[in-house]
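Structure at a glance
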Amino acid sequence: MLILRCCCCCCFITFFLPVSNSFLPQTQTLSFPLQASSTNEAWRSTKWLVLVDDEASIRQAVGRLLHEKGYQVTACASGESALQRMGEQVPDVIVSDVRMPGGMDGLELLQKIRQDERLVTVPVILLTAKGQTQDRIAGYEAACDAYLTKPFDPDELVSLVDAVLQRQDDAATTVSLEELQKDLLEIKQLLLERGGGGVGNGWVQATQVFLAPDERQVLEYLCQGLKNKEIAERVFLSTRRVEQLMTSMFRKTQTKNRTELVRWAVSTGTVQLP
(Lines give C-alpha, C1' and ligand atoms only; values in the text may rest on other atoms or scores of the structure.)
Protein backbone atom coordinates (compact mmCIF):
# COMPACT_ATOMS: atom_id res chain seq x y z
CA MET A 1 0.00 0.00 0.00
CA LEU A 2 1.34 3.44 -0.93
CA ILE A 3 0.41 6.68 0.77
CA LEU A 4 1.61 10.00 -0.62
CA ARG A 5 1.80 12.74 1.92
CA CYS A 6 2.09 16.17 0.28
CA CYS A 7 3.25 19.24 2.21
CA CYS A 8 3.54 22.91 1.30
CA CYS A 9 4.71 23.41 -2.28
CA CYS A 10 5.19 19.65 -2.58
CA CYS A 11 8.34 19.83 -0.44
CA PHE A 12 8.19 16.18 0.36
CA ILE A 13 6.13 13.05 -0.08
CA THR A 14 6.17 9.94 2.04
CA PHE A 15 6.02 6.42 0.68
CA PHE A 16 4.71 4.81 3.82
CA LEU A 17 4.55 1.26 5.12
CA PRO A 18 2.74 1.55 8.45
CA VAL A 19 4.75 -1.01 10.41
CA SER A 20 6.79 1.80 11.96
CA ASN A 21 5.01 5.14 11.85
CA SER A 22 6.92 7.00 14.54
CA PHE A 23 8.28 9.50 12.01
CA LEU A 24 4.82 10.62 10.87
CA PRO A 25 2.11 12.22 13.01
CA GLN A 26 -0.41 9.52 13.94
CA THR A 27 -3.31 11.74 12.90
CA GLN A 28 -2.01 11.96 9.34
CA THR A 29 -1.44 8.25 8.62
CA LEU A 30 -3.62 5.31 7.77
CA SER A 31 -2.91 1.81 8.96
CA PHE A 32 -2.51 -1.09 6.57
CA PRO A 33 -1.06 -4.53 7.34
CA LEU A 34 2.43 -5.20 6.02
CA GLN A 35 2.82 -8.36 3.98
CA ALA A 36 6.59 -8.74 3.64
CA SER A 37 7.57 -11.19 0.93
CA SER A 38 11.00 -11.88 2.40
CA THR A 39 13.15 -11.51 5.48
CA ASN A 40 14.95 -8.61 3.77
CA GLU A 41 11.71 -6.70 3.26
CA ALA A 42 10.72 -7.25 6.88
CA TRP A 43 14.08 -5.84 7.99
CA ARG A 44 13.82 -2.93 5.55
CA SER A 45 10.35 -2.07 6.84
CA THR A 46 11.97 -0.99 10.12
CA LYS A 47 14.22 1.50 8.30
CA TRP A 48 13.29 5.06 7.39
CA LEU A 49 15.04 6.46 4.31
CA VAL A 50 15.10 10.13 3.28
CA LEU A 51 15.46 10.67 -0.48
CA VAL A 52 16.50 14.13 -1.71
CA ASP A 53 16.23 15.10 -5.38
CA ASP A 54 14.98 18.26 -7.09
CA GLU A 55 13.47 16.32 -10.02
CA ALA A 56 9.92 15.18 -9.31
CA SER A 57 10.17 12.23 -11.71
CA ILE A 58 13.26 10.92 -9.89
CA ARG A 59 11.62 11.33 -6.48
CA GLN A 60 8.60 9.39 -7.69
CA ALA A 61 10.52 6.62 -9.46
CA VAL A 62 13.28 6.05 -6.90
CA GLY A 63 10.94 6.59 -3.96
CA ARG A 64 8.50 4.03 -5.31
CA LEU A 65 11.33 1.57 -6.06
CA LEU A 66 12.71 1.74 -2.52
CA HIS A 67 9.22 1.61 -1.02
CA GLU A 68 8.38 -1.51 -3.02
CA LYS A 69 11.56 -3.13 -1.72
CA GLY A 70 10.30 -2.60 1.82
CA TYR A 71 11.78 0.72 2.97
CA GLN A 72 9.72 3.51 4.48
CA VAL A 73 10.64 6.52 2.34
CA THR A 74 10.24 10.27 2.58
CA ALA A 75 11.15 12.03 -0.69
CA CYS A 76 12.20 15.69 -0.40
CA ALA A 77 12.52 18.23 -3.21
CA SER A 78 15.44 20.13 -1.65
CA GLY A 79 18.16 19.95 0.96
CA GLU A 80 16.38 22.62 2.97
CA SER A 81 13.14 20.65 3.16
CA ALA A 82 15.08 17.48 4.01
CA LEU A 83 16.79 19.18 6.97
CA GLN A 84 13.44 20.48 8.12
CA ARG A 85 11.94 17.00 7.91
CA MET A 86 14.89 15.43 9.71
CA GLY A 87 14.53 17.96 12.47
CA GLU A 88 11.50 15.97 13.59
CA GLN A 89 13.28 12.62 13.78
CA VAL A 90 16.60 11.11 12.74
CA PRO A 91 16.36 8.83 9.68
CA ASP A 92 18.25 5.57 9.23
CA VAL A 93 19.80 6.51 5.88
CA ILE A 94 19.84 9.44 3.44
CA VAL A 95 20.04 9.18 -0.36
CA SER A 96 20.69 12.54 -2.04
CA ASP A 97 21.34 13.88 -5.50
CA VAL A 98 24.51 15.98 -5.75
CA ARG A 99 23.42 18.53 -8.37
CA MET A 100 20.33 20.49 -7.30
CA PRO A 101 20.41 23.94 -8.95
CA GLY A 102 18.70 26.85 -7.26
CA GLY A 103 19.28 25.78 -3.69
CA MET A 104 21.39 23.66 -1.39
CA ASP A 105 23.21 20.93 -3.33
CA GLY A 106 23.98 17.44 -2.07
CA LEU A 107 27.48 18.26 -0.86
CA GLU A 108 26.24 21.26 1.11
CA LEU A 109 23.52 19.10 2.61
CA LEU A 110 26.09 16.45 3.54
CA GLN A 111 28.30 19.04 5.25
CA LYS A 112 25.39 20.26 7.36
CA ILE A 113 24.51 16.67 8.26
CA ARG A 114 28.06 15.94 9.39
CA GLN A 115 28.06 19.12 11.50
CA ASP A 116 24.82 18.16 13.25
CA GLU A 117 25.33 16.10 16.43
CA ARG A 118 21.97 14.39 15.88
CA LEU A 119 22.65 13.40 12.26
CA VAL A 120 26.42 12.95 12.18
CA THR A 121 26.36 9.13 12.11
CA VAL A 122 23.51 8.74 9.60
CA PRO A 123 24.79 6.98 6.44
CA VAL A 124 24.61 9.16 3.31
CA ILE A 125 24.61 7.88 -0.28
CA LEU A 126 25.19 10.46 -3.02
CA LEU A 127 23.65 10.18 -6.49
CA THR A 128 24.82 12.15 -9.50
CA ALA A 129 24.61 12.18 -13.27
CA LYS A 130 28.30 12.99 -13.45
CA GLY A 131 30.90 10.30 -12.96
CA GLN A 132 34.07 12.40 -12.91
CA THR A 133 36.71 11.52 -10.36
CA GLN A 134 36.61 14.99 -8.79
CA ASP A 135 32.92 14.56 -7.94
CA ARG A 136 33.56 11.29 -6.16
CA ILE A 137 36.55 12.76 -4.32
CA ALA A 138 34.48 15.73 -3.17
CA GLY A 139 31.79 13.37 -1.91
CA TYR A 140 34.17 11.20 0.05
CA GLU A 141 36.03 14.20 1.45
CA ALA A 142 32.70 15.43 2.77
CA ALA A 143 32.32 12.00 4.48
CA CYS A 144 29.66 10.35 2.34
CA ASP A 145 29.32 6.61 2.84
CA ALA A 146 28.83 5.62 -0.79
CA TYR A 147 28.56 7.13 -4.25
CA LEU A 148 26.39 6.01 -7.16
CA THR A 149 26.43 7.46 -10.68
CA LYS A 150 23.25 7.91 -12.72
CA PRO A 151 21.92 6.05 -14.57
CA PHE A 152 22.16 3.18 -12.13
CA ASP A 153 20.67 -0.29 -11.93
CA PRO A 154 17.77 -0.30 -9.43
CA ASP A 155 19.06 -3.49 -7.78
CA GLU A 156 22.46 -1.83 -7.33
CA LEU A 157 20.90 1.05 -5.39
CA VAL A 158 18.91 -1.32 -3.18
CA SER A 159 22.02 -3.43 -2.49
CA LEU A 160 24.00 -0.30 -1.67
CA VAL A 161 21.38 0.95 0.77
CA ASP A 162 21.24 -2.50 2.37
CA ALA A 163 25.03 -2.58 2.71
CA VAL A 164 25.48 0.82 4.37
CA LEU A 165 22.61 0.10 6.77
CA GLN A 166 24.04 -3.29 7.66
CA ARG A 167 27.43 -1.70 8.36
CA GLN A 168 25.68 0.87 10.53
CA ASP A 169 23.88 -1.89 12.44
CA ASP A 170 27.15 -3.78 12.90
CA ALA A 171 28.94 -0.67 14.18
CA ALA A 172 26.21 0.01 16.70
CA THR A 173 26.02 -3.56 17.94
CA THR A 174 26.87 -3.84 21.61
CA VAL A 175 29.58 -6.44 22.12
CA SER A 176 30.70 -7.61 25.55
CA LEU A 177 34.34 -7.27 26.55
CA GLU A 178 34.53 -11.06 26.88
CA GLU A 179 33.34 -11.49 23.28
CA LEU A 180 35.87 -8.95 22.01
CA GLN A 181 38.72 -10.63 23.88
CA LYS A 182 37.63 -14.01 22.50
CA ASP A 183 37.65 -12.56 18.97
CA LEU A 184 41.16 -11.19 19.49
CA LEU A 185 42.43 -14.55 20.75
CA GLU A 186 40.93 -16.30 17.71
CA ILE A 187 42.54 -13.76 15.39
CA LYS A 188 45.93 -14.24 17.05
CA GLN A 189 45.62 -18.01 16.68
CA LEU A 190 44.68 -17.75 13.02
CA LEU A 191 47.63 -15.44 12.41
CA LEU A 192 49.97 -18.02 13.93
CA GLU A 193 48.46 -20.79 11.83
CA ARG A 194 48.84 -18.73 8.65
CA GLY A 195 52.39 -17.65 9.33
CA GLY A 196 51.65 -14.22 10.76
CA GLY A 197 49.57 -12.64 8.03
CA GLY A 198 46.48 -12.98 5.95
CA VAL A 199 47.19 -10.79 2.92
CA GLY A 200 47.03 -12.94 -0.19
CA ASN A 201 45.32 -15.77 1.65
CA GLY A 202 41.81 -14.49 1.15
CA TRP A 203 41.66 -12.69 4.48
CA VAL A 204 41.38 -9.17 3.18
CA GLN A 205 40.17 -7.56 -0.04
CA ALA A 206 41.40 -3.99 0.46
CA THR A 207 45.14 -3.60 1.11
CA GLN A 208 45.89 -0.07 -0.13
CA VAL A 209 43.75 1.87 2.33
CA PHE A 210 44.34 5.35 3.70
CA LEU A 211 43.08 5.87 7.25
CA ALA A 212 42.85 9.33 8.77
CA PRO A 213 44.69 9.86 12.09
CA ASP A 214 41.48 9.74 14.14
CA GLU A 215 40.44 6.51 12.36
CA ARG A 216 43.80 4.92 13.16
CA GLN A 217 43.48 5.94 16.79
CA VAL A 218 40.01 4.43 17.06
CA LEU A 219 41.20 1.27 15.30
CA GLU A 220 44.09 0.80 17.73
CA TYR A 221 41.77 0.96 20.72
CA LEU A 222 39.29 -1.33 18.97
CA CYS A 223 42.08 -3.89 18.57
CA GLN A 224 42.65 -3.67 22.32
CA GLY A 225 39.10 -4.88 22.90
CA LEU A 226 37.55 -1.59 24.00
CA LYS A 227 33.88 -0.79 23.49
CA ASN A 228 32.72 2.27 21.54
CA LYS A 229 31.98 4.26 24.70
CA GLU A 230 35.39 3.43 26.15
CA ILE A 231 37.11 4.40 22.90
CA ALA A 232 35.20 7.69 22.84
CA GLU A 233 36.46 8.52 26.33
CA ARG A 234 40.06 7.76 25.35
CA VAL A 235 40.05 9.85 22.17
CA PHE A 236 37.85 12.67 23.51
CA LEU A 237 35.13 12.21 20.90
CA SER A 238 31.42 11.47 21.14
CA THR A 239 30.28 7.86 20.90
CA ARG A 240 28.38 8.79 17.71
CA ARG A 241 31.58 10.14 16.18
CA VAL A 242 33.40 6.90 17.01
CA GLU A 243 30.57 4.93 15.36
CA GLN A 244 30.84 7.15 12.29
CA LEU A 245 34.60 6.56 12.06
CA MET A 246 34.09 2.82 12.37
CA THR A 247 31.45 2.89 9.62
CA SER A 248 33.89 4.79 7.42
CA MET A 249 36.57 2.15 8.07
CA PHE A 250 34.11 -0.65 7.26
CA ARG A 251 33.57 0.99 3.87
CA LYS A 252 37.25 1.64 3.18
CA THR A 253 38.44 -1.80 4.20
CA GLN A 254 35.47 -3.70 2.71
CA THR A 255 34.73 -5.32 6.06
CA LYS A 256 31.31 -5.86 7.63
CA ASN A 257 31.84 -5.94 11.39
CA ARG A 258 34.27 -5.30 14.24
CA THR A 259 35.90 -8.72 14.09
CA GLU A 260 36.57 -8.46 10.35
CA LEU A 261 37.95 -4.94 10.82
CA VAL A 262 40.35 -6.10 13.55
CA ARG A 263 41.39 -9.05 11.38
CA TRP A 264 42.03 -6.64 8.50
CA ALA A 265 44.07 -4.32 10.75
CA VAL A 266 46.28 -7.12 12.06
CA SER A 267 46.76 -9.03 8.82
CA THR A 268 47.75 -5.89 6.91
CA GLY A 269 50.12 -4.79 9.66
CA THR A 270 48.12 -1.61 10.29
CA VAL A 271 47.93 -2.53 13.99
CA GLN A 272 50.31 -4.79 15.90
CA LEU A 273 48.70 -7.01 18.52
CA PRO A 274 50.71 -7.39 21.74
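Residues numbered from 1 in each chain as written. Predicted model: local features only at pLDDT ≥ 70, side-chain atom pairs only at ≥ 80, totals over all residues. Heavy atoms only, no water.

You'll find the protein entered in an unreviewed UniProt entry as Two-component system, NarL family, response regulator, with Fistulifera solaris given as the organism.

At a minimum axis separation of 10 Å, helix α8 (residues 213–222) and helix α10 (residues 239–253) run at an interaxial angle of 95 degrees. Classed by the angle they form, the pair α8 and α10 counts as roughly perpendicular. Here Asp-214, Glu-215, Val-218, Leu-219 and Leu-222 of α8 come into contact with α10, specifically with Arg-241, Val-242, Leu-245, Met-246, Ser-248, Met-249 and Lys-252. Counted by class, the contact of α8 with α10 contains seven nonpolar, one polar and four charged residues. (Axes fitted to C-alpha atoms, helices over the stretch in contact; angles between N-to-C directions. Helix = DSSP H or I, 4+ residues; strand = E, 2+ residues; numbered from the N terminus. Parallel < 35°, antiparallel > 145°, perpendicular 65-115°, else oblique. Contact = heavy atoms within 4.5 Å. Nonpolar A, V, L, I, M, F, W, Y, C, P; charged D, E, K, R; others polar.)

Each α-helix turn comprises 3.6 residues. Residues three or four places apart therefore point the same way. Here α10 is 15 residues long and its end C-alpha atoms lie 21 Å apart, about the 21 Å a rise of 1.5 Å per residue gives. Looking at α10, one finds that the buried residues are Val-242, Glu-243, Gln-244, Leu-245, Met-246, Thr-247, Ser-248, Met-249, Phe-250 and Thr-253. Following α10 by one or two positions, Gln-254 adopts a phi angle in the positive range, close to 60 degrees. (Expected span 1.5 Å × (residues − 1). Buried < 20%, exposed > 50% of the residue type's maximum accessible area, 1.4 Å probe, protein only.)

Now for unusual backbone geometry. Note that the residue after Lys-150, namely Pro-151, is joined by a cis bond; omega there is -5 degrees. Residue position: Pro-151 is located in the loop between β6 (146–149) and α6 (154–172). Despite not being glycine, Phe-236 shows a phi value in the positive range, around 60 degrees. Along the chain, the position of Phe-236 falls in the loop between α9 (228–235) and α10. Phe-236 gets classed as exposed once you look at its relative accessible area, which sits at 77%.

By size, the foremost hydrophobic cluster in this structure holds 22 residues, and its most contacted members are Leu-219 and Ile-231. Broken down by secondary-structure element, the contributors of at least two residues to this core are α8, α9, α10 and α11 (258–267). Each residue touching Leu-219, except ones within four places of it in the same chain, is listed here: Leu-211, Met-249, Leu-261, Trp-264, Ala-265, Thr-270 and Val-271. With 21 residues, the next largest nonpolar core counts Ile-125, Leu-127, Ala-146 and Leu-165 among its residues. (Core = buried A, V, L, I, M, F, W, Y, C linked by side-chain atoms within 4.5 Å.)

What follows covers the pattern of salt bridges. Charged atoms that come close allow side chains of opposite charge to pair. In the structure shown here, the tally under the stated rule is seven salt bridges. Measuring nitrogen to oxygen at the nearest pair gives 3.2 Å for the salt bridge that ties Lys-150 to Asp-53. Residue Lys-150 is located in the loop between β6 and α6, and its partner Asp-53 is located in the loop between β2 (48–52) and α2 (56–68); the two are separated by 97 residues in the primary sequence. One salt bridge in this structure joins Asp-155 and Lys-69, with 4.0 Å as the shortest N-O distance. Of this pair, Asp-155 sits in helix α6 while Lys-69 sits in the loop between α2 and β3 (72–76), and the two are 86 residues apart along the sequence. You can call Lys-69 partly exposed: its relative accessible area is 28%. (Salt bridge = Lys/Arg side-chain N within 4 Å of Asp/Glu carboxyl O.)

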